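Below, each chain spelled out in residue letters.
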Amino acid sequence: MIKKIFITGTDTGIGKTTVSSILLKKANELGYKTAGYKPISSGIKKRKIISSTTKRNKYKFINRDTIILKENSSVLLDYKEVNPISFSGNTPPHILSLIQKKVIRKKVLSLGLQHISQKSNWILIEGAGGWYTPLSEKYTFSDWVKEEKLEIIFVVGIKLGCINHAILTEKAILSENLTCLGWIANNIVPKNKYTSYYIQTLLSYIKSPLLGTIPYLKNKHKIDIKKIKILVPE
């Protein structure tokens, strides 16, 4: 049976990609054929790539989060397989879709997922922004998740305001009669005197299990996953 997990968060910039990379590494250790899938990305940037054959400089527009998911997948995936829809600029996808005249079709997201499912038995699908991020004026990312009947993990960026955002996020997910596998506390700022109170309050209010806590990471490119304890859904 293929495991398909959708990663959402309480906000944008709360470390969904970092958490996803850690989960992929942990699942790799368990022997799964893992794949990271980021159906929609924004903030693509022009990067210089030296061709191995011609030794000439080539330029590609790539998304950093997509590269991280690709590199941490155990199965070999092309860039476009990981990220079929991409935009330049940093703002919600439906706005970029309007400005850049590039329609986001849910069918494209589903076809990409079906394709990856032929290669992998443990797929991590990273969303954009929060749970109700719009993909158009008519539907949100959560509508597609519901259609695909995906299981969900939500990431909570531990900071001022996270309690309200986390409670609302879980209530929204459960109101759709979807399976919430749990939540992950991600310390996106250095620990302070309130951090433990935030997490304790969340444990009191959130019904879904806490799968793990990510410490504050000064260098996200050098993560010792052996020191990070996270329950990997199987």
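Residues numbered from 1 in each chain as written. Predicted model: local features only at pLDDT ≥ 70, side-chain atom pairs only at ≥ 80, totals over all residues. Heavy atoms only, no water.

Participant: Would you explain the overall build of the protein in this entry?
Facilitator: For the protein, the count of helices and strands is 8 helices and 10 strands. The C-alpha atoms of the protein give a radius of gyration of 18 Å, which matches the 17 Å a tight globule of 234 residues would have. Referenced to the eigenvectors of the C-alpha coordinate spread, the extents of the protein come out at roughly 55 × 40 × 35 Å. Here the protein holds 234 residues, and 51% of them are scored as buried. Partitioning the intrachain contacts of the protein with sequence separation of at least 6 by distance along the chain shows that 75% fall at a separation of at least 24. Total accessible area on the protein is roughly 12,700 Å²; 53% of this is exposed by carbon and sulfur atoms. Both charge centroids of the protein, one from 38 positive and one from 16 negative side chains, sit 8 Å from each other. (Helix = DSSP H or I, 4+ residues; strand = E, 2+ residues; numbered from the N terminus. Rg over C-alpha atoms; globule rule 2.2 N^0.38 Å. Buried < 20%, exposed > 50% of the residue type's maximum accessible area, 1.4 Å probe, protein only. Contact = heavy atoms within 4.5 Å. Areas by Shrake-Rupley, 256 points an atom, 1.4 Å probe, with all protein chains shown as cover. Lys, Arg positive; Asp, Glu negative; His and termini not counted. Charge placed at Lys NZ, Arg CZ, Asp CG, Glu CD.)

Participant: I keep staring at the pattern of salt bridges and nothing clicks. Help me out?
Facilitator: Once the charged atoms of two side chains with opposite charge are near each other, the side chains can pair. Tallied over the entire structure, the rule returns 7 salt bridges. A salt bridge links Asp65 to Arg64, with the nearest nitrogen and oxygen atoms 3.3 Å apart. Judged by relative accessible area, Asp65 falls into the buried class, the value being 17%. The salt bridge involving Glu147 is made with Lys106; its shortest N-O contact spans 2.6 Å. (Salt bridge = Lys/Arg side-chain N within 4 Å of Asp/Glu carboxyl O.)

Participant: I tried to follow unusual backbone geometry on my own but got confused; where do I start?
Facilitator: Leave glycine aside and you will find that most residues have negative phi; peptide bonds, for their part, are mostly trans. Unlike most non-glycine residues, Lys149 shows phi in positive territory, near 55°. For Lys149, the location among the structural elements is in the loop between helix 6 (141–148) and strand 8 (151–157). Positive phi is not limited to glycine here, since Asn177 has a value of about 60°. Tracing the backbone through its elements, the reader meets Asn177 in the loop between helix 7 (162–175) and strand 9 (180–186).

Participant: Which parts of the structure should I look at to understand the side chain of Thr133?
Facilitator: Topologically, Thr133 is positioned in the loop between strand 7 (122–126) and helix 6. Under the relative-accessibility criterion, Thr133 is labelled buried at 10%. Within the local environment of Thr133, its side chain forms a polar contact with the backbone oxygen of Ala128, the two atoms lying 2.6 Å apart. In this structure the side chain of Thr133 is engaged in a polar contact, spanning 3.0 Å, whose partner is the backbone oxygen of Gly130. For Thr133, the residues in contact, after removing those within four places along its chain, are Pro93, Ala128, Thr140 and Phe141. (Polar contact = N/O pair within 3.5 Å; in protein donor to acceptor, adjacent residues only side chain to side chain.)

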